[in-house]
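Reading the structure
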Amino acid sequence: MYSSFYYWGFKEDKMKKLKNFQRILGVLLTGLIGLNVVGFTAMAEDESVWEAHTTTPNALNKYSGTDTDLTLPTTINGVTMTEIIMRLFKGNTSITSVIIPENYTIIGGEVFRECTSLKSVIFPNTITTTTGSIGSYQFRGCSSLEYVNIPPKITSLSARSFQDCSNPNLVIDIQSTAISSIGSNAFLNVTGTIKTYSQSVYDLVKENAATANVVLIEDNTTSVSYTHLRAHETCA
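Basis of the calculations
- Residues numbered from 1 in each chain as written.
- Predicted model: local features only at pLDDT ≥ 70, side-chain atom pairs only at ≥ 80, totals over all residues.
- Heavy atoms only, no water.
- Helix = DSSP H or I, 4+ residues; strand = E, 2+ residues; numbered from the N terminus.
- Buried < 20%, exposed > 50% of the residue type's maximum accessible area, 1.4 Å probe, protein only.
- Contact = heavy atoms within 4.5 Å.
- Areas by Shrake-Rupley, 256 points an atom, 1.4 Å probe, with all protein chains shown as cover.
- Polar contact = N/O pair within 3.5 Å; in protein donor to acceptor, adjacent residues only side chain to side chain.
- Pairing = 2+ DSSP bridges.
- Axes fitted to C-alpha atoms, helices over the stretch in contact; angles between N-to-C directions.
- Right-handed = clockwise from strand over helix to strand, strands pointing away.

Moving on, we get to the overall build of the protein chain. Helix and strand counts for the protein chain stand at three helices and 16 strands. Relative to its 236 residues, the protein chain shows a buried fraction of 42%. Here the analysis covers contacts within the protein chain between residues at least 6 apart in sequence; of these, 50% occur between residues at least 24 apart. Put simply, the protein chain shows about 11800 Å² of open surface, and 53% of that area lies on carbon and sulfur atoms.

Attention now goes to the side chain of Asp-69. Along the chain, Asp-69 turns up in strand β3 (residues 69-71). A distance of 2.6 Å separates a polar atom in the side chain of Asp-69 from a polar atom in the side chain of Thr-96. Looking at Asp-69, its side chain comes within polar contact range of the side chain of Ser-97, at 2.8 Å.

Next up on the list: the sheet that holds strand β15 (residues 193-196). Whenever strands of a sheet pair, they do so through backbone hydrogen bonds, lying parallel or antiparallel. Strand order across the open sheet formed by seven strands is β3-β7-β9-β11-β13-β15-β16, with parallel pairing between neighbours. The open sheet has two free edges, formed respectively by β3 and β16 (213-216), since each of these has just one partner strand. Strand-to-strand, the axes of this sheet are offset by a mean angle of 15 degrees, without reference to chain direction. Across the sheet, helix α2 (residues 199-208) is in contact with β13 (171-174), β15 and β16; its angle to β16 comes to roughly 170 degrees.

Bringing the pairing of β15 into the picture now. The alternating pattern of β15 places Ile-194 and Thr-196 on a buried face, while none of Thr-193 and Lys-195, on the opposite face, is buried. Note: β13 against β15, three bridges, orientation parallel. Looking at β15, one finds that Asp-173 is bridged to Lys-195. Bridge count for β15 against β16 is four bridges, and the pairing is parallel. Across the sheet, Thr-193 pairs through a bridge with Asn-213, a residue of β16. Each parallel crossover has a hand, and the one from β15 via α2 to β16 is right-handed.

In structure tokens:
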């Protein structure tokens, strides 16, 4: 009986090591090959855990898997995904990180609302949203959030978009220098750091983020990659 327990314990340990090796290999290949193949990191789960919208086949509508570190699919049933439906992950308390590949251009509102275990989200530079805005309540209640970038084509932040993102280690990296409006209570109860790259955006954010540490980085050479997220998780 002892040898039997030893065998299964040894086998389980080997399986865990194999899974960790596969995840690390996916991260390394992503960094080496570039952003266009980030879908490789999502190979741990079958395409069937993702569902496209019935009337908008290029829109991601549902996730039914169990992985917590996600890379959104680039295609479903041969159709390239370009849109994320409103409230896709709302209330999901399991997911911890989300990478959105370059083919996505539109994201609905409240996609990550009340995802209390979510630590990081990487948006691609292709994201514009339907109105050029990070929608209302987009990250409201994401109390564990540590990192999110706001890509260059975003021009406004809607009401309560980051309300109650209360982790003091949070970094909101506003890479867009075109932000011209911020909705009411967008940064209510945010106590982390908000990085900006233009004086006008700095002034606007400073005015609307009374509890946050708002900083201006004048040398705008920062570039967020998908490997940045994985490195961030490793250090966390």
